[in-house]
Amino acid sequence: KVKTITNICCIGAGYVGGPTMAVIAQKCPHIKVTVVDVNEQRIADWNDADLNKLPIYEPGLADVVAEARGRNLFFSTDVDQAIDEAQMIFISVNTPTKTYGVGKGMAADLKYIELCARQIAKVSKDDKIIVEKSTLPVRTAEALSTILNSTGNGANFDILSSPEFLAEGTAISDLQKPDRILIGGDETEKGQSAIKSLVAVYENWVPRENIITTRVWSSELSKLTANAFLAQRVSSINAISALCEKTGADVDEISRAIGADSRIGSKFLKSSVGFGGSCFQKDILNLVYLCRHFNLPEVADYWEQVIKMNDYQKHRFAKNIIDTLFNTVSGKKIAFLGWAFKKDTNDTRESAAIYVAKELLEDRAEIHIYDPKVSKEQIFADLKSVCHPEGSEATKDLFKNVIVHKDPYTAMQSAHAIAILTEWDEFKTYDWNKVYDEMLKPAFLFDGRNVVSNEELEKIGFQVYNIGKG
Ligand code: NAD
Ligand code: UGA
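Conventions we followed
- Residues numbered from 1 in each chain as written.
- Chains lettered and ligands numbered in written order.
- Predicted model: local features only at pLDDT ≥ 70, side-chain atom pairs only at ≥ 80, totals over all residues.
- Near = placed C-beta within 6 Å.
- Helix = DSSP H or I, 4+ residues; strand = E, 2+ residues; numbered from the N terminus.
- Nonpolar A, V, L, I, M, F, W, Y, C, P; charged D, E, K, R; others polar.
- Domains from an automatic or database assignment.
- Pairing = 2+ DSSP bridges.
- Axes fitted to C-alpha atoms, helices over the stretch in contact; angles between N-to-C directions.
- Contact = placed C-beta atoms within 7 Å.
- Core = buried A, V, L, I, M, F, W, Y, C linked by C-beta atoms within 7 Å.
- Buried ≥ 20, exposed ≤ 12 C-beta atoms within 10 Å, placed from the backbone.
- UniProt positions renumbered as here; feature names shortened; annotations may be inferred.
- Right-handed = clockwise from strand over helix to strand, strands pointing away.
- Parallel < 35°, antiparallel > 145°, perpendicular 65-115°, else oblique.
- Left-handed = near helix turned anticlockwise from the far one by under 90°.
- Expected span 1.5 Å × (residues − 1).
- Arc of directions from axis to C-beta.

### Some details on the site of ligand 2
Inference 1: In the vicinity of ligand 2 there are 20 residues, among which K270, S272, F275, G277 and C279 approach most closely.
Inference 2: No other element matches the three residues that helix α9 (residues 216-247) contributes to the shell around ligand 2.
Inference 3: For the shell around ligand 2, the class distribution of residues is eleven nonpolar, five polar and four charged.
Inference 4: Three or more residues apiece are contributed to the shell around ligand 2 by two domains, here domain 1 (7-206) and domain 2 (280-466).

Written as structure tokens, this is what we have:
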């Protein structure tokens, strides 16, 4: 009794819902895929004839959307209709850290998830498979099931967990060639049959041996665990970078040396100004919260350290700039290259740049920012969220000292120092001789990503500070 899926709805047209559904539609032309969102502007942008206006910048995404949109891929604000028509509903709404009440600052805020469940329960007239795509605390499926199956309108729901592992900047290739697909479901016959329906969707392009099926709780907890392990690698190598700077060892040489051990592996060992992105911090906080909830304080403290180390790394970078510029950046022009949390994305959520900027602004720096994909409005919104309450005198003062540039060279002109916050490839191609000539001397450059060549720049005359190089 395995249901063949021909109609999918996805609630949430964000960084996960949009690209994930675009690739499912591309690979499964026989399935109608409708992505819905309450954000009307977002849906309008997904439908824009000009593919440069898609709400998300992701290499390769525009081509996939161009191929499938209007054929079997649709973006809509009519949530009820899409739910009604679908046999399978993916939930990929946001699950941010709670900012109020119980678990404030730690637990995942599940209000959007719950709203989806209530809406599905209200609208559905027939049986449906519900897929958790959002990252959720372990045992959320239980809560979903309680809400969904308590309406008494006769519809039956199977709940699967299928967390998404794509990384931004490489989302399309991650989706087209995933290391694995994970699907968790109930051990009952019904649950197993729901798993098979979703496996059949992915089998259109993913080899069966790369599709892992587990119990629901394992699948939910695997996602938090994967992000915690990944973030832990970055914090571990960043911890070593601090020691490198004191001892004259070179962190990139260390990454290479330890990464050659196949048990460690070479990926995700790039020391940086600190990890950002919407998920690592939020998911670890959620994991820590869960551990405390289940009275496992030692486990909670262990994982919390990953975040503390990351905060330390961002702070260390900002402090090094201030210390090196003779203990104050007051009135000094600091050029920021990059604002996104990593290259090849316009996403700035939790970007290290925001926190470094905040510290420098508090020391009264004047910050000139250039990022190839991030808008001025986004940069100001990010700063507002961490700096001062909107509208206060302090905010006005602060924003006088932030200038966003469309041209990297004007951002760097007459600067006292340059700070590289994102590893955009184009930074490697700049005319660094020209930059040097137009800067104040000594020309300081703080490379938070070890992206431009040290020796070359030092030959030109720059005083270069790298992460993890003594
Ligand atoms: P996002 O904020 O970009 O998108 C979520 C969208 O859901 C928003 O557009 C919002 O308007 C919409 N939404 C919220 N409530 C809704 C409702 N009731 N009805 C309809 N639409 C609603 O978030 P995202 O980055 O796509 O992340 C979504 C989930 O996926 C999170 O749980 C996240 O942890 C997880 N995740 C994210 C990534 C990533 O790279 N960003 C990767 C893997 C997993
Ligand atoms: C991360 C995971 O890699 C995905 O598998 C997961 O699906 C996703 O989180 C999620 O759940 O949201 P993402 O945050 O998009 O993906 O990007 P990453 O490539 O993981 O980078 C995260 C941060 O760590 C970036 O700021 C990046 O610059 C930094 N990083 C990464 C390093 O500093 N060094 C590294 O070696 C790798």
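From this point, the discussion proceeds with the structure in view.
### Some thoughts on the sheet that holds strand β10 (residues 366-370)
Each strand in a sheet pairs with another by means of backbone hydrogen bonds, the pair being arranged parallel or else antiparallel.
Inference 1: Strand order in the open sheet made by the six strands is β11-β10-β9-β12-β13-β14, with parallel pairing throughout. Only two strands of the sheet have a single partner each, and these edge strands are β11 (402-405) and β14 (463-466). Across this sheet, the average inter-strand angle for adjacent strands is 20 degrees, counted without regard to direction.
Inference 2: By the bridge criterion, four bridges tie strand β13 (residues 444-447) to β14 in an arrangement that is parallel. Opposite D447, over in β14, you have N466 as the bridge partner.
Inference 3: Packing of helix α12 (residues 297-324) onto the sheet brings it into contact with β9 (333-337), β12 (417-420), β13 and β14, and relative to β13 it is tilted by some 170 degrees.

### Brief notes about the nonpolar core
Inference 1: Ranked by internal contacts, the top residues of the largest apolar core, which has 134 residues, are I89, I334, F336 and V356.
Inference 2: Both domains that furnish three or more residues to this core are identified here as domain 1 (7-206) and domain 2 (280-466).
Inference 3: Beyond its immediate chain neighbours, meaning those up to four positions away, I89 contacts C9, I11, I83, I120, K128, I130 and V131.

### Some remarks on the UniProt feature "active site" (unreviewed entry) in the protein chain
Inference 1: The sites that UniProt annotates as "active site" (unreviewed entry) are C279.
Inference 2: Owing to 24 C-beta atoms within 10 Å, C279 belongs among the buried residues under this scheme.
Inference 3: Not counting residues up to four positions away in its chain, the partners in contact with C279 are T135 and N227.

### Structural notes on the site of ligand 1
Inference 1: Surrounding ligand 1, one finds 27 residues, the nearest of these being G12, G14, Y15, S134 and T135.
Inference 2: It is helix α5 (residues 111-123) that contributes the most residues to the shell around ligand 1, three residues altogether.
Inference 3: Its residues assigned to classes, the shell around ligand 1 comprises 13 nonpolar, ten polar and four charged.

### Notes on helix α13 (residues 352-362)
Inference 1: Of all the eleven residues making up α13, eight are buried; the element is thus mostly covered by neighbouring parts of the structure.
Inference 2: Positive backbone phi, approximately 70 degrees, marks R364, located one or two places after α13.

### A short note on the pairing of β10
Inference 1: Across the five residues that make up β10, a large majority, four, are buried.
Inference 2: Note: β9 against β10, five bridges, orientation parallel. Its bridge partner being in β10, K333 is matched across the sheet by E366.
Inference 3: For the crossover that starts at β9, traverses α13 and ends in the parallel β10, the hand is right-handed.

### Quick look at unusual backbone geometry
Most of the time, phi is negative for any residue but glycine, and the peptide bond is trans.
Inference 1: Residue K441 is joined to P442 through a cis peptide bond whose omega torsion reads -5 degrees.
Inference 2: Within the fold, P442 resides in the loop between α17 (432-438) and β13.

### Observations concerning the environment of A25
Inference 1: Looking at where A25 falls in the secondary structure, it is placed in helix α1 (residues 17-27).
Inference 2: A25 gets classed as buried once you count the C-beta atoms within 10 Å, which come to 25.
Inference 3: Separated by 313 residues in sequence, A25 and G338 place their C-alpha atoms 33 Å apart.
Inference 4: In contact with A25, other than residues within four places in its own chain, are V33, A68, N72 and L73.

### As for the packing of α9 against helix α10 (residues 251-259)
Inference 1: At their nearest, the axes of α9 and α10 sit 9 Å apart, and the two run at 135 degrees to each other. Between α9 and α10, the angle falls in the class oblique. In this structure, α9 crosses over α10, and the sense of that crossing is right-handed. Only V251, I254 and S255 of α10 make contact with α9, whose side of the interface consists of I237, I240, S241 and C244.
Inference 2: Its residues assigned to classes, the contact of α9 with α10 comprises five nonpolar, two polar and no charged.

### A few points about α5
Inference 1: Under the 1.5 Å per step criterion, the end-to-end length of α5 is 18 Å for 13 residues, consistent within 8% with the ideal 18 Å.
Inference 2: For α5, every residue scored as buried is listed here: I113, C116, A117 and I120. Within α5, the buried residues cover an arc of 100 degrees as seen down the axis, which keeps them to one side. The exposed residues of α5 that point more than 90 degrees off its buried face are K111 and K122.

### Remarks on the packing of α12 against α13
Helix-helix packing is characterised by the crossing angle of the two axes and by the distance between the axes.
Inference 1: The interhelical angle for the contact between α12 and α13, taken along N-to-C directions, is 40 degrees, at an axis separation of 9 Å. Classified by the angle their axes make, α12 and α13 are oblique. Crossing of α12 against α13: the hand is right-handed. For the pair α12 and α13, contact is made by K314, H315, F317, A318 and I321 and by A352, Y355, V356, E359 and L360, respectively.
Inference 2: A breakdown of the residues in the contact of α12 with α13 according to their chemical character gives seven nonpolar, one polar and two charged.

### Description of the domain arrangement of the protein chain
Inference 1: According to the domain assignment, the protein chain contains domain 1 (7-206) and domain 2 (280-466).
Inference 2: The centre of domain 1, based on its C-alpha atoms, is set 33 Å off from the matching centre of domain 2.
Inference 3: Each partner contributes to the interface: domain 1 provides 15 residues, whereas domain 2 provides 14 residues.
Inference 4: For the side of domain 1 that touches domain 2, the class distribution of residues is nine nonpolar, four polar and two charged.

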